[in-house]
Number of protein chains: 2
Amino acid sequence: MLRGVLLDLGGVLYVGDVALPGAVEAMQRLRASGLPTGFVTNTTRSTRSGVAARLERLGFACEAGEIHTPAVTARAVIRERSLHPLLLVHPDLRWEFPRQTGAAPDAVVVGDAGDAFSYARLNQAFRVLIRGAPLLALARNRYFREPDGLSLDAGAFVAALEYAAGVSAELLGKPAPGFFRAAVRALGVPPEEVVMIGDDAENDVGGALSAGLQGMLVRTGKYRPGDETAVAGRAEVFADLAAAVTRILGSQ
Amino acid sequence: MLRGVLLDLGGVLYVGDVALPGAVEAMQRLRASGLPTGFVTNTTRSTRSGVAARLERLGFACEAGEIHTPAVTARAVIRERSLHPLLLVHPDLRWEFPRQTGAAPDAVVVGDAGDAFSYARLNQAFRVLIRGAPLLALARNRYFREPDGLSLDAGAFVAALEYAAGVSAELLGKPAPGFFRAAVRALGVPPEEVVMIGDDAENDVGGALSAGLQGMLVRTGKYRPGDETAVAGRAEVFADLAAAVTRILGSQ
């Protein structure tokens, strides 16, 4: 029995600035069923409200409060621990974080900074880490799909800094179990009755399973043949979101 | 009995553009002894003749032929396998490589490209690797010492690409045993009678030991307290090059 649905965004609902075939209609059917729904994304190139605006533009009605991003978690961690982090994040994401003070950085936050990744900036981060400061990773995804091909995601740069400074990052986004649990709490449904739908076998589906949720893998977005072996026997696999939603609604 | 000496450069002979105290005089004593000598560097920011010119400028007489760099090895590998690599190397190193043709890249070569590392360029390399092309790493050093602090070396970017593309790099520079053996062959002395002097416990000393050489670690350059534990009981440790040379000449 399913009583709640969490969805990944890029690669499940859309790729780049184009909704995937059938995805808008599938979301309408899911919404009409009344099942509580949330969006769990490791996209770290835009703010929560930026993500909501994009979804609206592509035809997916939603509210910013339904969207769970690693930046929101990072902001809470920074406040709790009174950190003054060096931010290696996308320029569009800067205002999700407290204003940078003149204090010497005592932590590093890495997201998918895109073109803002430069040798100089990575080197600044390295020099903070080599002094023993913690490394907070918004995500450690390997790559994501853009309209013209796969592109490097935050994980590559997290790996670079971990290797150089000899440290291990603290992961805030998927597949960290705490990130899924926060999204489940917002649905008000027990984890075992929530299914996570994603195109990333490792970060979406594997992560959700580890957090006690159910999982569904879709063969869109970054999916590459063979990915399902990572979750074989533990998650169902569907051609796309429409097929997954049909299955969810058929089992109600 | 020692019959040949290999030396690392940065952090042993000099840091930045300044010779280390006593290093010029120590090299003069070593040269005067007549022991065959070579330089084995993972520096991938300049050509072999650029390295030689820098040594001369700092007061270390040498010939380009005595200098062993990963780029020289890379050039040979590229020729042998008829590769058309995408080059992620320092602009000063470009001319060590065959001229780029219009052919689609079928390999990636990574050195310490410094400020030439950009998201766009790393992403191009990633897209070549994700298609199955080999990754050739000139070096995988974590960091090196600059006058104003430690800085990210090629290894960080090799780790980033390995992580994102799910591949393992083929290492051409230190600590690859083949790289040390090529330098030893140029000395005309059996490996077990050659000592490698370096400030990097892992890449200089550990690598040399793995290739059957002897090793000496100096506490200059990138050396950080505790580094010697990695080679404990297998290599001697000295305050600097002068102390190491005194020991070598005293044992003759």
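It should be emphasised that the depicted structure is a prediction, and the values quoted were computed from it without experimental measurement. (Residues numbered from 1 in each chain as written. Chains lettered and ligands numbered in written order. Predicted model: local features only at pLDDT ≥ 70, side-chain atom pairs only at ≥ 80, totals over all residues. Heavy atoms only, no water.)

S.K.: With reference to specific residues and values, describe the overall build of chain A.
M.R.: Broken down by element type, chain A carries eight helices and 14 strands. Its C-alpha atoms give chain A principal-axis dimensions of roughly 55 × 35 × 35 Å. Sorting the 252 residues of chain A into buried and exposed places 56% on the buried side. Of all intrachain contacts in chain A linking residues separated by at least 6 positions in sequence, the fraction that spans at least 24 positions is 64%. Looking at chain A as shown, the accessible area adds up to about 9900 Å², and 52% of this sits on carbon and sulfur atoms. Averaging the coordinates of the 26 positive side-chain charges in chain A and doing the same for the 27 negative ones gives two points 5 Å apart. (Helix = DSSP H or I, 4+ residues; strand = E, 2+ residues; numbered from the N terminus. Buried < 20%, exposed > 50% of the residue type's maximum accessible area, 1.4 Å probe, protein only. Contact = heavy atoms within 4.5 Å. Areas by Shrake-Rupley, 256 points an atom, 1.4 Å probe, with all protein chains shown as cover. Lys, Arg positive; Asp, Glu negative; His and termini not counted. Charge placed at Lys NZ, Arg CZ, Asp CG, Glu CD.)

S.K.: Describe in detail the interface of chain B and chain A, supporting the description with residues and values.
M.R.: The partner chain A presents 32 residues to the 32 residues of chain B that form the contact. Interface area, chain B with chain A, both sides summed: about 2600 Å², of which 58% is carbon and sulfur. If you sort the residues of chain B by the area they bury against chain A, B:Tyr119, B:Leu152 and B:Tyr163 come out on top, with a joint share of 32%. On inspection of chain B and its partner chain A, the count reaches two salt bridges. A:Arg127 is the partner of B:Asp148 in a salt bridge, and the nearest nitrogen-oxygen pair spans 3.1 Å. Across the contact surface, chain B and chain A share 19 residue pairs in polar contact (both at pLDDT 80 or more). Broken down by secondary-structure element, the contributors of at least two residues to the side of chain B that touches chain A are helix H4 (119-129), strand E9 (143-146), strand E10 (149-152) and helix H5 (154-165) of chain B. The greatest single-element share of the side of chain B that touches chain A, amounting to seven residues, is contributed by H5(B). Taken together, the residues of the side of chain B that touches chain A break down into 16 nonpolar, seven polar and nine charged. (Buried area = accessible area lost by both parts, 1.4 Å probe. Salt bridge = Lys/Arg side-chain N within 4 Å of Asp/Glu carboxyl O. Polar contact = N/O pair within 3.5 Å; in protein donor to acceptor, adjacent residues only side chain to side chain. Nonpolar A, V, L, I, M, F, W, Y, C, P; charged D, E, K, R; others polar.)

S.K.: Provide a residue-level description of the environment of A:Ala137, including the pertinent values.
M.R.: Residues and elements named next belong to chain A. Residue placement: Ala-137 occurs in strand E8 (residues 135-137). Separated by 59 residues in the primary sequence, Ala-137 and Ile-78 place their C-alpha atoms 12 Å from one another. Excluding anything up to four places from it in sequence, Ala-137 contacts Val-110, Val-158, Ala-169, Glu-170, Leu-171, Leu-172 and Gly-173.

S.K.: Can you break down the sheet that holds strand E6 (residues 85-88) of chain B residue by residue, with the values?
M.R.: Sheets are built from strands that pair by backbone hydrogen bonding, the pairs being arranged parallel or antiparallel. All names here are of chain B. Sheet architecture is open: four strands sit in the order E6-E7-E8-E11, paired in parallel fashion. The strands lining the two open edges of the sheet, one partner per strand, are E6 and strand E11 (170-171). Bridging between strand E7 (residues 107-110) and strand E8 (residues 135-137) involves three bridges; their strand directions are parallel. Across the sheet, residue Val-110 finds its bridge partner in E8, namely Ala-137. Contacting E6, E7 and E8, H4 runs over the sheet at an angle of about 150° to E6. (Pairing = 2+ DSSP bridges. Axes fitted to C-alpha atoms, helices over the stretch in contact; angles between N-to-C directions.)

S.K.: Explain the environment of A:Met1 to me, and be specific about the residues and the numbers.
M.R.: All names here are of chain A. Position of Met-1 relative to the elements: it lies in the segment before strand E1 (4-7). For Met-1, a relative accessible area of 68% translates into the label exposed. For the pair Met-1 and Phe-60, spaced 59 residues apart in sequence, the C-alpha to C-alpha distance is 25 Å. Not counting residues up to four positions away in its chain, the partners in contact with Met-1 are Glu-193, Gln-214 and Gln-252.

S.K.: A description of the packing of aromatic side chains should follow, citing residues and the corresponding values.
M.R.: Inspection of every chain in the model, using the stated rule, returns six aromatic pairs over all chains. Considering the side-chain rings of A:Phe117 and A:Phe157, the 3.6 Å spacing of their centres and the 10° angle between planes classify their relative orientation as stacked. Of this pair, A:Phe117 sits in the loop between strand E7 (107-110) and helix H4 (119-129) while A:Phe157 sits in helix H5 (residues 154-165), placing them 40 residues apart in sequence. Judged by its relative accessible area of 1%, A:Phe157 is buried. One aromatic cluster is present, formed by A:Phe117, A:Phe157 and B:Tyr119 through successive ring pairs. Between the NZ or CZ atom of A:Arg142 and the centre of the ring of B:Tyr163, over which it lies, the distance is 4.4 Å. (Phe/Tyr/Trp six-rings, centres within 6.5 Å; stacked < 30°, edge-to-face > 60°. Lys NZ or Arg CZ within 6 Å of the ring centre and 35° of its normal.)

S.K.: Give a description of the relation of the copies chain B and chain A that names residues and reports values.
M.R.: Of the transformation superimposing chain B on chain A, the axial component is 0.1 Å and the angular component is 180°, with the fit at an RMSD of 0.0 Å. The superposition of one copy onto the other is thereby described by a two-fold rotation axis. Same-surface contact between copies: 100% of interface residues of chain B are shared with the interface of chain A. (Least-squares fit on C-alpha atoms with pLDDT ≥ 70 in both.)

S.K.: How would you explain the pairing of strand E4 (residues 37-40) of chain A if you had to name every residue and give the values?
M.R.: Residues and elements named next belong to chain A. Alternating positions in E4 separate into two faces, Thr-37 and Phe-39 on one and Gly-38 and Val-40 on the other, with burial throughout. One ladder, built from three bridges, connects E1 with E4; its direction is parallel. Each bridged residue has a counterpart across the sheet, and for Val-5 the counterpart in E4 is Thr-37. Bridge analysis of E4 against strand E5 (residues 67-68) gives two bridges, and the strand direction is parallel. Paired with Val-40 across the strands is His-68, a residue of E5. On the question of chirality, the crossover connecting E4 to the parallel E5 by way of helix H2 (residues 48-58) is right-handed. (Right-handed = clockwise from strand over helix to strand, strands pointing away.)

Such coordinate-based values are descriptive only and should not be taken to indicate function.
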